[in-house]
Amino acid sequence: MNTNTLVLNNIEYIFEDGQTILDVARQNRVQIPTLCYLDGVEATGGCNICVVELKGEKDLVRACCTKAENGMNVLTQSPVVVDARKKQLKALLESGNHNCSIGSSQGDSWTAFQMDSIRTEQTDALCPRWGDCELQNLAYEYQVQWNRDNLPETKFPKETVNPLIIRDFSRCIMCGRCVAACNDIQVNRAIRMPEPSDSQHVIAGKKDVALKDSDCVFCGECVQACPVGALLEKKSQYVCRPWEVEKIRTTCPYCGVGCQQQLHVKDGKILKVTGVEEGSPNKGRLCVKGRFGFDFIYSQERLTTPLIKENGVFREASWDEALDLVADKFKTIIAESGPDALAGVSCARSINEDSYQMQKLFRAVFKTNNIDHCART
Amino acid sequence: MTNSFAEFTDARLIVVIGSNMTHAHPVAATFVKNAVQKGASLVVIDPRKHELVDFAKMHLQLNVGSDIALLNGIMHVLIKENLYDKEFVENKCTGFEALEKVVAQYPPQEAARISGVSEKMIIETARFLSSIKPAMVCYTLGITEHTCGKNNVMSVANLQMLLGNLGMKYGGVNPLRGQNNVQGACDMGALPNVFPGYQKVDDPNARKKFETAWQVENLPDKPGLMIPEMMHGLTDGKVRGFYIFGENLANTEPDMNKVAKELASAEFIVCQDLFLTETTHFAHVVLPAAAWSENDGTFTSSERRVSRVRTASQPPGQARPNWWIFKEIARRFGQEWTSSSAKDIWDNEFSVLAPAFGGIKYDRIENDGLQWPCPTLDHAGTPFLHRDGNFTHGKGIFMPAIWTPPAEVPDASYPYVLSTGRRLYHYHTRTQTGRCEGLNDLLGEETADISIEDATVLGIEQGEKIRVKSRRGEVCVTAKITPQVPKGMVWMAFHFTEGNSNWLTNSALDPFTMTAEYKACAVAVEKI
Ligand code: SF4
Ligand code: SF4
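Residues numbered from 1 in each chain as written. Chains lettered and ligands numbered in written order. Predicted model: local features only at pLDDT ≥ 70, side-chain atom pairs only at ≥ 80, totals over all residues. Heavy atoms only, no water.

Notes on the environment of A206(B)
All names here are of chain B. Along the polypeptide, A206 turns up in helix 11 (residues 204-214). Residue class for A206 comes out buried when judged on its relative accessible area of 5%. Separated by 137 residues in the primary sequence, A206 and A69 place their C-alpha atoms 40 Å from one another. Once you skip the residues sitting within four places of it in the chain, A206 turns out to touch F195, Q199 and K200. (Helix = DSSP H or I, 4+ residues; strand = E, 2+ residues; numbered from the N terminus. Buried < 20%, exposed > 50% of the residue type's maximum accessible area, 1.4 Å probe, protein only. Contact = heavy atoms within 4.5 Å.)

Next comes the structure, spelled out in structure tokens:
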């Protein structure tokens, strides 16, 4: 077997047939930034950020859609590369409402701008993705200077008519990630890139309708894929900034797929849920229930104390009182009618350890096998 | 599932029978759709033209409850045309003669008569299934929620054995479990006939083992009651104390009027839940429990993967973890259980007592979970079962089944068949999803889904309130006219109390599994 090798920043790496320069770089932890590439989906090459230099070639190439070749000599951070990325980032930043006070300072306007942003944080003035935006991160990393004073007019109004997802076209960089997420990952085929005859923004439905009137099933995969502040979750916008949240990995409580979730928690409160990108089995994906079905735990209707029914109505009780009553009543029934006069149904939604305890209670304590759950439904 | 979700994307042929995956297991469905995009073939067998049909090469739109006849018909062709996997059948299976004899009674003509799928399609399907190997079969409750549920399951297994599609990657018999932890609750022994890890209660050795571990004597040796028997026991006083943990039986069990009577006749009901529900209404004591994100623990998914659940927030007020509540009751009976966390319970008790889980410990499932069987600490888990056709109990046994119709079929007074299931935006009786911002806006009421043809004949308009009634009850519900539903069928869900399909469903049971026939009963539809 011949081994393929190429050189990235003067170090030689092995690669397999069919891999792109980006694949080889990622596999070997060599950073190449990109704003449009999405794992597991054919590269579109739309953002032009992943450009790299091939030694001896005049034109830069895009790492995401250039196949690795034997003997290639690739520079991922050369001055020309950095310069090209800077230019492209500047163009992206100036193309929309990226008013996020980041980048290299520009004298007076910087302070004024920052003050203004802080003052207005609770409004739309500062992007809700502030601090969690891939474009912003790159702008900072590459110290891009751009003209913040003349933000372009917003051509398309923000769409807020559905209960879960906000589409803010003013911040969309047309990278196409959401479209790939919807069509190639979740395969819901609800959104698409515009045809020349359409208005030039991401289109929902055949006829450019609101998400709620398209085939959208609100899985939120597009929101998770969006690198900027163009797609947002209504439930979590403005409630947290990334450095304030702790991420806790857990398993979805709904269906039997067992998707791995990342809970974004601030002060002991879950504010947002995303899919664990590398996690099995879902590889970052969630459905509408997994992503948006978490806030029932904060319902005011939660039971907060044991209840005992008296004369047909419930009254509050202490744990001791309620548990003593249950134990006494069960003891009486066992004494009078035997243990098989008790029966229990366990919960197919709760954790394993709860079911283990319940069957142990019935078998080892009450001495009956009358324990079941909705095993077959 | 014998196999894993990760295999879906690279499978070459996927057969989905009785499973509306895009609604009930949405993320699993995305992997099926990815497979099709990469060139795999999808065969959907379902009375409804649900979303996955858009991706299918073939859709066998069978009559509700005719699965066995259809599958037998397909197997008939496989055998008659010599298309089955002889080597697998000879070396890895027993009972072929019995199968041959039974499916001989289902030539395509007969299978077509019962199932409504054309002879030609049955023959084509058999030929197509035998042309690609391996194939995965996935099913859900469309198979199990019938009076012939067990036989349906057997028929699916027969087909996969006959095609030699078991014991390999991209193959297998794959039931997608409805609830996140049905698999786990079974594994834990929340079943009347087995201890944790499927060790039988009537096996003296198993009893001895658990008596020693739990430091008790005389564990009961007689298998206990299943839910329908328990419910019945409430009415005749055989069951006097009923402990319901987390289930909303009043709305999820078939024939809600009957269920209400049963629960109302109970002497003493304890409910342990997050909210007051239609079921706690009947309770004498209600115990407030911690929710999903309020305790550490594990869930076991359909693919037998044990994954961690972690604490992210504190339970409100005095709500406590369920395992703690059970332990406190045991203490009042004089038993001091030592485990004082979910981790203790798993690491020191369950995984020690259940051999197939012996290698799974909390410190091994910090990130991705492990799939059981995983007997030892150095075992990597089991992505697919019966490797190379080596079945757990020796050979794979063909269990041929005769088709039986649903317990209640349409007649002059109740001319439509009602089938039921779940919808995407809600989960079961909405005790949780109904309290999440946004989800009620996406689906705010129950509907009765009817075909365009029937709507035209009955003069029903989209969104009009109609009456649907069965021998057991009636509901007034919004009509949803949809091409997904075939003529003669009404399709409903059980997410809302008002318009809940279980006012209508039949409590007739599969005699082996005691699963009710949620998928088929007879109803009448009327304009109001
Ligand atoms: S929420 Fe899901 S279905 Fe809707 S547009 Fe986004 S990816 Fe597509
Ligand atoms: S996110 Fe959706 S598909 Fe995944 S486990 Fe939860 S309910 Fe199931």
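There's more to say after this.
Notes on the site of ligand 2
Around ligand 2, the surrounding shell consists of C252(A), Y254(A), C255(A), V257(A), G258(A), C259(A), L286(A), C287(A), G290(A), P26(B) and V27(B). At the site occupied by ligand 2, the surrounding residues belong to chains A and B. (Near = heavy atom within 4 Å.)

Section: the domain arrangement of chain B
Residue and element names in this part refer to chain B. Its domain assignment divides chain B into domain 1 (5-176), domain 2 (182-377) and domain 3 (416-527). For domain 2 and domain 3, the distance between their C-alpha centroids amounts to 31 Å. If you look at the interface, domain 2 gives 17 residues, while domain 3 gives 20 residues. Surface buried jointly by domain 2 and domain 3 totals about 1,600 Å² across both partners, of which 60% is contributed by carbon and sulfur atoms. Taken together, the connections running from domain 2 to domain 3 amount to zero salt bridges. Among the elements of the structure, helix 12 (227-236), helix 13 (249-252) and helix 14 (256-264) are those that each provide at least two residues to the side of domain 2 that touches domain 3. Here the side of domain 2 that touches domain 3 gets three residues from one element, more than from any other, and that element is helix 14. Of the residues in the side of domain 2 that touches domain 3, the class split is seven nonpolar, five polar and five charged. (Domains from an automatic or database assignment. Buried area = accessible area lost by both parts, 1.4 Å probe. Salt bridge = Lys/Arg side-chain N within 4 Å of Asp/Glu carboxyl O. Nonpolar A, V, L, I, M, F, W, Y, C, P; charged D, E, K, R; others polar.)

A short note on the sheet that holds strand 1 (residues 13-17) of chain B
Residue and element names in this part refer to chain B. In spatial order, the strands read 3-2-1-5-6; together these five strands make up an open sheet with parallel pairing. Only two strands of the sheet have a single neighbouring strand rather than two, namely strand 3 (58-60) and strand 6 (173-175). Across the sheet, the mean angle separating the axes of adjacent strands is 20° when strand polarity is ignored. One ladder, built from four bridges, connects strand 1 with strand 5 (residues 136-139); its direction is parallel. Of the residues in strand 5, the one forming a bridge with V15 is V137. Those strands touched by helix 9 (residues 149-162) are strand 1, strand 5 and strand 6, and its axis lies near 170° from that of strand 5. (Pairing = 2+ DSSP bridges. Axes fitted to C-alpha atoms, helices over the stretch in contact; angles between N-to-C directions.)

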